[in-house]
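# Results of the structural survey
The primary structure of each chain is shown beneath.
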Amino acid sequence: MTVTRGAGAGGVGRQLVSEPIALLGIGKIARDQHIPAIASSGAFHLAATVSRSGGIDDVENHADVADLLTARPDINVLSLCMPPVPRFDIATAALAAGKHVMLEKPPGATVSEVLKLERLARAKGVTLFATWHSREAAGVAQARAHLRDAQIKHVQIDWKEDVRRWHPGQDWIWQAGGLGVFDPGINALSIMTAIVPNPVHLTDATLSFPENRDTPIAADLSFAGPAGMTVDAAFDWRQEGPQSWNITVDTTVGQLRLTDGGATLHIDGMAQTCEGPGEYPGLYHRFAELIEAGQSDVDISPLQHVADAFMLGRRTTVAAFHD
Ligand code: NAP
C-alpha cells in the first residue's frame, strides 16, 4: 500500500467535523452506499452533487465538475462515484483545483492513469484516496492479522455472481475500460492483496469474452507467491442461484475462510466474531483520517493484477450476452 505525505493541504492537523463534501456521479453506488455513509459521518456533510441526471432532492446540484469548482470554492472534498473511464478527467480537474479526492474502485481504467493522479495529488499537496470497499468488510482486518506470520500454501478465490441481478442495464461494464467480470473480481483481488502478506504475481489466465461484448464475462487466474505458494481465482458472471464471494486460505497449520464478500470469517471451521462500522462508513472514516494527516492512500496492486490478466490471458469467445 502506498501512503505518501501531502505537501500541506487545507485540513492537515485539524480534526474534520462536518466538512462540506460533494458527491459526483449519482448512480447505484452513490445512492445505495455513499449518501447513507456521508449522512452517518461526523466528519462530512453532503453539500452538493454533480449529476447529469439531476442529483438528489434538497441538495444543490451542478451539471459538471467545472461548474461545481466555480460555484462552490468552499467545498474542498470531492467523492467520485462515476464509472472508471469518465473518472480520470474529473479527478484531474478536482486535484488540479487543490481538492481532496476519493475514488470509487477501480481507481482508474488504466494503471498509468492512477499513477498520474497520484503524482498530481502529491504536487498539489492534497489527499487522494483510491478506495477498495471490500477491504472494509467485517472479516478482512482479522483475516489479515491472522495471516501476518502464517505460511500460506494455497488461496482459492471463488467470486461468482449473476450479472443480470447485480448490474442490470449497465452498458459501461461491457464497454472497453469497464472491466467486465473484473468489476466485481477486483474486489476479491483487493481482499487477497490485503490479507496475503507476500506479493504474488500472475502466472496464467483465461478470459472468456461474449462474442458481442468488449469485456470478459468470466476469468480464471493463477498466481505464484514465495515458497511454492499458489493462488487460483475463478470469476464468473453467469452464476444463477446461490452467489459465491468466497476466499479460502490453506496454511501449514490450518484453514481460514472468508465468505459473503469478506463479511464472515471462519478459522479452522470456527465462526469468528467480526465487527466493524460497515464498508462505506469505514471508507469515509479513513478518508477523514487521511485528510487530517495530510496523506494519500493509493494502492494499485489489485488493478495491476487485472492489467496483467489482460496482458497475459488467453482469450476465448463464448456465447453472446444479452441483458
Ligand atoms: P452506475 O449506476 O451505472 O453509474 C454511476 C453514475 O455515474 C451514473 O448514474 C451517472 O450519474 C454517472 N456517469 C455515468 N457515466 C458517466 C459519464 N460518462 N460521465 C460522467 N458521469 C457519468 O454505476 P455504479 O454501479 O454506481 O458504479 C459506479 C462505480 O462504483 C464503478 O466504478 C463501480 O465499480 C463502483 N461500485 C459499484 C457497486 C455497485 O454495487 N453498483 C459497488 C461498489 C463499487 P449522473 O446521472 O448523476 O451523472
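Each value, and the rule that gives it
Residues numbered from 1 in each chain as written. Predicted model: local features only at pLDDT ≥ 70, side-chain atom pairs only at ≥ 80, totals over all residues. Heavy atoms only, no water. Pairing = 2+ DSSP bridges. Helix = DSSP H or I, 4+ residues; strand = E, 2+ residues; numbered from the N terminus. Contact = heavy atoms within 4.5 Å. Axes fitted to C-alpha atoms, helices over the stretch in contact; angles between N-to-C directions. Phe/Tyr/Trp six-rings, centres within 6.5 Å; stacked < 30°, edge-to-face > 60°. Lys NZ or Arg CZ within 6 Å of the ring centre and 35° of its normal. Domains from an automatic or database assignment. Buried area = accessible area lost by both parts, 1.4 Å probe. Near = heavy atom within 4 Å. Polar contact = N/O pair within 3.5 Å; in protein donor to acceptor, adjacent residues only side chain to side chain. 1 Å grid on protein atoms, 1.4 Å probe; cavity = no way out; pocket = protein on both sides within 12 Å on 5 of 7 lines; lining within 4 Å. Sits in = over half its atoms within 2 Å of the grid points. Buried < 20%, exposed > 50% of the residue type's maximum accessible area, 1.4 Å probe, protein only. Core = buried A, V, L, I, M, F, W, Y, C linked by side-chain atoms within 4.5 Å. Parallel < 35°, antiparallel > 145°, perpendicular 65-115°, else oblique. Left-handed = near helix turned anticlockwise from the far one by under 90°. Nonpolar A, V, L, I, M, F, W, Y, C, P; charged D, E, K, R; others polar.

## Some words on the sheet that holds strand β8 (residues 152-160)
With mixed pairing, 9 strands are arranged side by side in an open sheet as β15-β14-β13-β12-β8-β11-β10-β9-β17. Edge positions in the sheet fall to β15 (270-271) and β17 (314-318), since each has one partner strand and no second. Pairing analysis gives 8 bridges linking β8 to strand β12 (residues 244-251), with the strands arranged antiparallel. Across the sheet, the residue bridging to K160 is S244, located in β12. Each of β8, β12, β13 (255-259) and β14 (264-267) touches helix α5 (residues 140-147); the most contacted strand, β13, lies at about 165° to it.

## Some thoughts on the packing of aromatic side chains
Inspection of every chain in the model, using the stated rule, returns 8 aromatic pairs. A centroid spacing of 6.0 Å and a plane angle of 75° characterise the contact between F44 and Y284, whose relative ring orientation is edge-to-face. With F44 in strand β3 (residues 44-50) and Y284 in helix α8 (residues 279-293), this residue pair connects regions lying 240 residues apart in the sequence. Ring geometry for F182 against F235: centres 5.9 Å apart, planes inclined by 90°, an arrangement best described as edge-to-face. One end of the pair, F182, is in helix α7 (residues 182-195); the other, F235, is in strand β11 (residues 230-236), with 53 residues separating them in the sequence. The rings of F44, F129, Y284 and F287 are connected pair by pair, giving a single aromatic cluster. Above the plane of the ring of F209 lies R315, whose end atom (NZ or CZ) is 3.8 Å from the centre.

## Here's the deal with the domain arrangement of the chain
For the chain, the assigned domains are domain 1 (19-134 + 280-297) and domain 2 (137-275 + 307-318). Relative to domain 2, the C-alpha centre of domain 1 lies at a distance of 26 Å. Tallying the contact residues gives 11 residues for domain 1 and 15 residues for domain 2. Each partner contributes to the roughly 990 Å² buried at the junction of domain 1 and domain 2, and carbon and sulfur atoms together form 63% of this total. Counting the surface domain 1 buries against domain 2, the share from its top three residues, K105, W132 and S134, is 47%.

## Quick notes on the site of the ligand
Near the ligand lie 22 residues; those nearest to it are S51, S53, K105, Q170 and D183. A distance of 2.8 Å is found between an oxygen atom of the ligand and a backbone nitrogen or oxygen belonging to K105. Among the detected pockets, the ligand sits in the largest pocket. Those elements giving two or more residues to the shell around the ligand turn out to be α1 (28-39) and α3 (84-96). Counting residues per element, the shell around the ligand draws most heavily on α3, which supplies 3 residues. Mapped onto the domain boundaries, the shell around the ligand takes at least three residues apiece from domain 1 (19-134 + 280-297) and domain 2 (137-275 + 307-318).

## Focus: the side chain of Q243
Mapped onto the fold, Q243 is located in the loop between β11 and β12. Residue classification places Q243 among the buried residues on the basis of a relative accessible area of 17%. Within the local environment of Q243, its side chain forms a polar contact with the backbone nitrogen of D162, the two atoms lying 2.6 Å apart. What Q243 contacts, discounting residues up to four positions off in sequence, is K160, E161, D162, R165 and W166.

## Considering the nonpolar core
By size, the foremost hydrophobic cluster in this structure holds 74 residues, and its most contacted members are V155, I157, I195, L221 and F235. For this core, the leading source of residues is α7, giving 7 residues. If we skip the residues at most four places from it in the chain, I195 touches V140, A143, R144, L147, I247, V249 and L258. Listed in part, the 22 residues of the second largest apolar core include L16, L23, F129 and A288.

## Notes on the packing of α7 against helix α9 (residues 301-312)
At a minimum axis distance of 8 Å, the contact between α7 and α9 shows a crossing angle of 125°. One finds that α7 runs oblique with respect to α9. In terms of crossing hand, the pair formed by α7 and α9 is right-handed. Along its contact with α7, which presents F182, I186, L189, S190, M192 and T193, the element α9 presents S301, P302, L303, H305, V306, A309 and F310. Of the residues contributing to the contact of α7 with α9, the split by class is 9 nonpolar, 4 polar and no charged.

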